[in-house]
Each structure stands twice: as C-alpha cells, then as structure tokens.
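This is what each chain is made of:
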Amino acid sequence: MTTKRSLVERLNQEGAICAEGFLFEMERRGYLTAGEFVPEVALEYPEALKNLHKDFQHAGSDIVEAFTYNGHREKMRVIGKEDLLEPLNRAALKIAKEVANDVPEGSEPNLMAGNISNTNIWNPSDQNSQKEVRGMFEEMIGWAVDEGADMLVGETFYFAEEAYCALEAMKSSGLPCVLTIAPMGENIMRDGVTPLDTCKELEQLGADVVGLNCFRGPETMLPYIKDIRANVKCHVGALPIPYRTNEKQPTFFNLDDYDNCKCAAPHGRTFPTALDPLFTNRYEIRKFMQDCYDIDVKYLGVCCGANPMLIREVADVMGKTPPAMRFRENMSNHFMYGTNKRIPEHIKDYGDKA
Ligand SMILES: [Zn+2]
C-alpha cells in the first residue's frame, strides 16, 4: 500500500492538481442541461460521472472533487427536486471516493474533496438569507465528512462575506480547506472587497489554500494570482477557465466572439454554449501553469471548459508522470510534418500547401 500524503504535504512538495469544470464537460458529453446546470448526473448516470473522474485521474488530477457543485438546497428548489438533495450529494461523494481509491497499482491514492460553492441567495443586507446559506453549507459539509472526504473545497464565491461564511463552516469539520474566489467583471467582490483583501482575510480565518477559480481565463486571472502570492503565506490556488478572456471582457459571462461568428447562440451570448471558438490552446494553459508554478503557486487545475488534455499539461509542469503522459504529442512521426526519415521528401514538401 502506497502512503497517502495529506493535501498540505503534497503542496509542500511537488504540488497538487485538482480538475474541475464538471458542469461543462458533463454537458458536452450529453448528461447535463446547459443553463440549468444541476449535477443530477450522479444519480441518473453514475457511470458517466465516474468515467469523467477516471479520465481526469488518468491525466494527472491528484484530487477527485465530488461533483456537488450547484447541488445545494436552493438550486434543488429551483428545479423542484429538493427531495433529491441528500441522495444526490451522497451519490456524488461516494463516486468520488471510489475513484480516489482506485488508482493504478503502486500509485498514491488520490484525495477526495467535498465541495460547496456560491449559493446565489447571499444578500449582504439580509441576515435571514445569510443564515439560510450557512445552513446549506453545513448540511453539505456534514454529508462530505460522513462519506469520508479528505479535504474540502469552497469555490466560485463572488461575495467576500459569503466566502468567509463558507470557510467558517468548512473549518468546523477539521478537514484541510481550500477556498477559491471568483470576482466578476467589475474586478472586485460584489460586496466591495478587493480579491486580495478577501484572500488575506481567508488566510486569517485559517484556509490552507486561498486563490481564484473559474470565470476568468489565464490572462485576466494571473495578475490577481501574482498579487495574492506576494501577500499571503499560505498556499495559493489558481484554476482558470480555458477561454481567452481579456482586459475588456475579464470573465466568460460577457466574452465576445468579435463578429467572427456566423451562427450566434439563440440566447444572445457566447456563455455558456457558444464559447468553443474562444478556447485557449494547451500551450496557453501550460504557460499559465508554468508562470504560477515558478512563483510557488502549487494548487493548480482548470475549471469550466477543462478536459484531460489540459490537466495533462498541468501534470507535466509539476513533473508528474500520469498514465496519459504516454500519449503526449509526437509530431516527429506525422505523415507530412514529421522528421522521421521514412517520411518521403515529396510529402513533406507538400505540407505548406496542404
Ligand atoms: Zn468553473
């Protein structure tokens, strides 16, 4: 039996990878509704969810995050299925636990993470809403602890105070805690706190990892990560979306297709179903990860839009050798662009006209 290091042990050594973005990928695979975005797949197609976790593990993810994102009481009320709340959470946690322990012979088991996220009912001026949110966090954390989570991830918070509330609830479990925030396009938390100040406060409240996830691509996330890294002592996390957000459009909610699209989405925006042409390539993700790793940001991953190809790039940056590394690109044997001496000159010459 290979030893299973804790999250912080891994972060103090080579770093840890957490694949995210399951809503988008399950939607692309045909198991989840875009827009509505509820993770019912854990109950309806457990094998499909398990396969997704396995694919990310194969590509190098060290953490199997239970797919309970949006699987909270409020969202279940919105879709009129509140009765499925606990079964859904427990099913997602059990699947994640099973995959985390099912690693190739001789490899270190993965960590299973329980997950809570933005509730979208947090109201800074309404204590009742805040109490309700806290209750939603506590019940989900309780199920995660019950099902054997090794750590907890609170993510995608755009109210600073909601993130603090989440962390307090998470800390009471005694498990290691990752808290990543997601400032919207105004570049400030919705309650007026800067991303940096939010992360500093989260560190004070005892988070093991603070940082950003989702909403922002590499270009509009990196400056905040650098700023946070320079101003906190704890570990820092960075999990961008793989889309080309930019200074004018810092998040994918308002990302433009710049009149390149001849067939726009009927709902009038690229988010969430017409973002495909705005995808970053693997080298852009790799560069982001390398830039982070070079400044000692070692909790890395990719959020909405993630796929195993991108997770493998992160693994390579960290010097990990997951099974998928065997299938890294090898252009030398390409029939037209390769350097292999068996490739005929007249075929190589044709390459620029192809
Ligand atoms: Zn995301």
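The following refers to the structure shown. (Residues numbered from 1 in each chain as written. Predicted model: local features only at pLDDT ≥ 70, side-chain atom pairs only at ≥ 80, totals over all residues. Heavy atoms only, no water.)

**Some thoughts on the overall build of the protein**
Next, step 1: Looking only at helices and strands, one finds 13 helices and 8 strands in the protein.
Next, step 2: At 21 Å, the protein has a C-alpha radius of gyration in line with the 20 Å of a compact globule built from 354 residues.
Next, step 3: For the C-alpha atoms alone, the extent of the protein along its principal axes is close to 75 × 55 × 45 Å.
Next, step 4: A buried classification covers 54% of the 354 residues belonging to the protein.
Next, step 5: Carbon and sulfur atoms provide 48% of the accessible area of the protein, an area that totals close to 15,900 Å². (Helix = DSSP H or I, 4+ residues; strand = E, 2+ residues; numbered from the N terminus. Rg over C-alpha atoms; globule rule 2.2 N^0.38 Å. Buried < 20%, exposed > 50% of the residue type's maximum accessible area, 1.4 Å probe, protein only. Areas by Shrake-Rupley, 256 points an atom, 1.4 Å probe, with all protein chains shown as cover.)

**Topic: the sheet that holds strand β1 (residues 16-17)**
Next, step 1: If you walk across this open sheet you meet the 8 strands as β1-β8-β7-β6-β5-β4-β3-β2, and the pairing is parallel. On the outer flanks of this sheet lie β1 and β2 (63-65), each paired with one strand and no other.
Next, step 2: Relative to strand β8 (residues 299-300), strand β7 (residues 235-239) runs parallel, the two being bridged by 2 bridges. Of the residues in β8, the one forming a bridge with Ala238 is Leu300.
Next, step 3: The strands that helix α7 (residues 127-146) touches are β3 (111-117) and β4 (151-157); relative to β3, the one it contacts most, it runs at about 170°.
Next, step 4: The sheet strands contacting helix α8 (residues 160-171) are β3, β4 and β5 (177-181), and the helix crosses β5 at an angle near 170°. (Pairing = 2+ DSSP bridges. Contact = heavy atoms within 4.5 Å. Axes fitted to C-alpha atoms, helices over the stretch in contact; angles between N-to-C directions.)

**Some words on the environment of Phe252**
Next, step 1: Mapped onto the elements, Phe252 comes out in the loop between β7 and α11 (282-294).
Next, step 2: With a relative accessible area of 1%, Phe252 lands in the buried category.
Next, step 3: When the C-alpha atoms of Phe252 and Lys97 are compared, they prove to be 31 Å apart, with 155 residues separating the residues in sequence.
Next, step 4: Other than its neighbours up to four places away in sequence, Phe252 contacts Phe24, Cys214, Phe215, Ile241, Tyr243, Thr245, Thr270, Phe271, Leu275 and Cys304.

**Some words on the coordination of the zinc ion**
Next, step 1: All of the protein donors around the zinc ion are Cys214 (SG), Cys303 (SG) and Cys304 (SG); their distances to the metal are 2.1 to 2.2 Å.
Next, step 2: In the primary sequence, the donor residues of the zinc ion line up as C-x88-C-C.
Next, step 3: Exposure remark for Cys303: the relative accessible area of 4% places this residue in the buried category. (Donors = N, O, S within 2.8 Å, 3.2 Å for Na, K, Ca; no water.)

**Here's the deal with the pairing of β7**
Next, step 1: Along β7, 5 of the 5 residues are buried, which leaves the element largely enclosed by surrounding structure.
Next, step 2: Of the two faces of β7, the one holding His235, Gly237 and Leu239 and the one holding Val236 and Ala238 are both buried throughout.
Next, step 3: One ladder, built from 5 bridges, connects strand β6 (residues 209-213) with β7; its direction is parallel. When the sheet's bridge partners are listed, Asn213 is paired in β7 with Leu239.
Next, step 4: In this view, the connection linking β6 to its parallel neighbour β7 by way of helix α10 (residues 218-231) has right-handed handedness.
Next, step 5: Traced from β7 through α11 to β8, the parallel crossover comes out right-handed. (Right-handed = clockwise from strand over helix to strand, strands pointing away.)

**Quick notes on the packing of aromatic side chains**
Next, step 1: Counted under the stated rule, the structure contains 15 aromatic pairs.
Next, step 2: With 6.2 Å between their ring centres and 35° between their planes, Phe215 and Phe252 make a pair best called tilted. Here the residue Phe215 occupies a position in the loop between β6 and α10, and Phe252 occupies one in the loop between β7 and α11, the gap between them amounting to 37 residues. The two residues Phe215 and Phe252 agree in class, both being buried.
Next, step 3: Taking 6.4 Å as the distance between ring centres and 50° as the angle between the ring planes, the aromatic pair formed by Tyr243 and Phe252 counts as tilted. Both residues of the pair, Tyr243 and Phe252, count as buried.
Next, step 4: Of the aromatic side chains, those joined through ring pairs into one cluster are Phe24, Phe37, Phe215, Tyr243, Phe252, Phe253, Phe271 and Phe279. (Phe/Tyr/Trp six-rings, centres within 6.5 Å; stacked < 30°, edge-to-face > 60°.)

**Structural notes on the pattern of salt bridges**
Next, step 1: All told, the structure shown has 32 salt bridges when counted by the stated rule.
Next, step 2: Residues Arg90 and Glu86 are paired through a salt bridge, measuring 2.8 Å at the closest nitrogen-oxygen approach. Remark: Glu86 and Arg90 occur in helix α6 (residues 85-101); sequence separation between them is 4 residues, near one turn of the helix.
Next, step 3: Salt bridges sharing common partners tie together Arg5, Arg10, Glu14, Asp62, Glu108 and Lys320. (Salt bridge = Lys/Arg side-chain N within 4 Å of Asp/Glu carboxyl O.)

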